[in-house]
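Secondary and tertiary structure notes
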Amino acid sequence: MTRVLILAVFTTLLGCAATPQDTKYVSSPDRSTTIYENVHSGPESIISKKALASFKDKYLAAGEHKAFAQSLSGAWDWKSSRTSVEHAKTSALVGCQKNNRQVEDLYPCRIINVNGEWIE
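All of these numbers come straight from a predicted model, not from anything done at the bench.

Observations regarding the confidence of the model for the protein chain
In regions of low pLDDT, the predicted coordinates are not meant to be interpreted in detail. Residue-level pLDDT values for the protein chain average 81, and 70% of them are 70 or greater. Low pLDDT (under 50) marks residues 4-28, which in the prediction has 50 contacts with non-local residues, meaning those over four places away or in another chain.

Overview of the pattern of salt bridges
Side chains that differ in sign of charge can pair as their charged atoms come close. Throughout the structure, instances matching the rule amount to two salt bridges. The salt bridge partner of lysine 79 is aspartate 77, with a shortest N-O separation of 3.3 Å. With a relative accessible area of 14%, aspartate 77 lands in the buried category. Residue glutamate 86 is joined to lysine 89 by a salt bridge in which the shortest nitrogen-to-oxygen separation is 3.3 Å. Residue glutamate 86 and its partner lysine 89 are located together in helix 3 (residues 85-98), separated by three residues, close to a single helical turn.

Overview of the packing of aromatic side chains
In this description, an aromatic ring pair is defined by two values, namely the gap between the centres and the angle between the planes. Evaluation of the coordinates by the stated rule reveals six aromatic pairs. Here phenylalanine 55 and tryptophan 118 contribute two aromatic rings whose centre-to-centre distance is 5.1 Å and whose plane-to-plane angle is 35°, an arrangement assigned as tilted. Of this pair, phenylalanine 55 sits in helix 2 (residues 49-59) while tryptophan 118 sits in strand 6 (residues 117-118); the two residues are 63 residues apart in sequence, bridging distant segments of the chain. Under the relative-accessibility criterion, phenylalanine 55 is labelled buried at 3%. Given a relative accessible area of 26%, tryptophan 118 falls into the partly exposed group. Between the aromatic rings of phenylalanine 68 and tryptophan 76, the centroid separation amounts to 5.9 Å while the plane-to-plane angle is 5°, which identifies the pairing as stacked. Overall, the relative accessible area of 0% leaves phenylalanine 68 in the buried class. In this structure tryptophan 76 comes out as buried when scored by relative accessible area, which is 16%. What links up through ring pairs into an aromatic cluster is the set Phe55, Tyr59, Phe68, Trp76, Trp78 and Trp118.

What counts and what doesn't
- Residues numbered from 1 in each chain as written.
- Predicted model: local features only at pLDDT ≥ 70, side-chain atom pairs only at ≥ 80, totals over all residues.
- Heavy atoms only, no water.
- pLDDT = per-residue confidence, 0-100.
- Contact = heavy atoms within 4.5 Å.
- Salt bridge = Lys/Arg side-chain N within 4 Å of Asp/Glu carboxyl O.
- Buried < 20%, exposed > 50% of the residue type's maximum accessible area, 1.4 Å probe, protein only.
- Helix = DSSP H or I, 4+ residues; strand = E, 2+ residues; numbered from the N terminus.
- Phe/Tyr/Trp six-rings, centres within 6.5 Å; stacked < 30°, edge-to-face > 60°.

Encoded structure:
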């Protein structure tokens, strides 16, 4: 229950770009927790307004070897101008995970975009 409350606080503070109909609710295998899934892809899959603005205004214009990571908790980060795509992906994940410490086990960060290409 604490994790759900933390998620609600994150979403409220960060400003959620998604609406309730954009979210799929699924019970965990033991039915003790509700897990949220984002049903969108592309720019519509970016959860917070701040992350979407950063994606559009900065990430897209950044140099190559870039990656954008996001968690369903609202945590996100991106990195560019790395030595390789793998380095960019690792750096973005680490940054996202630092912003997502309290709920990383329930809503892990994942790479959603690499060099402008969407990851399904």
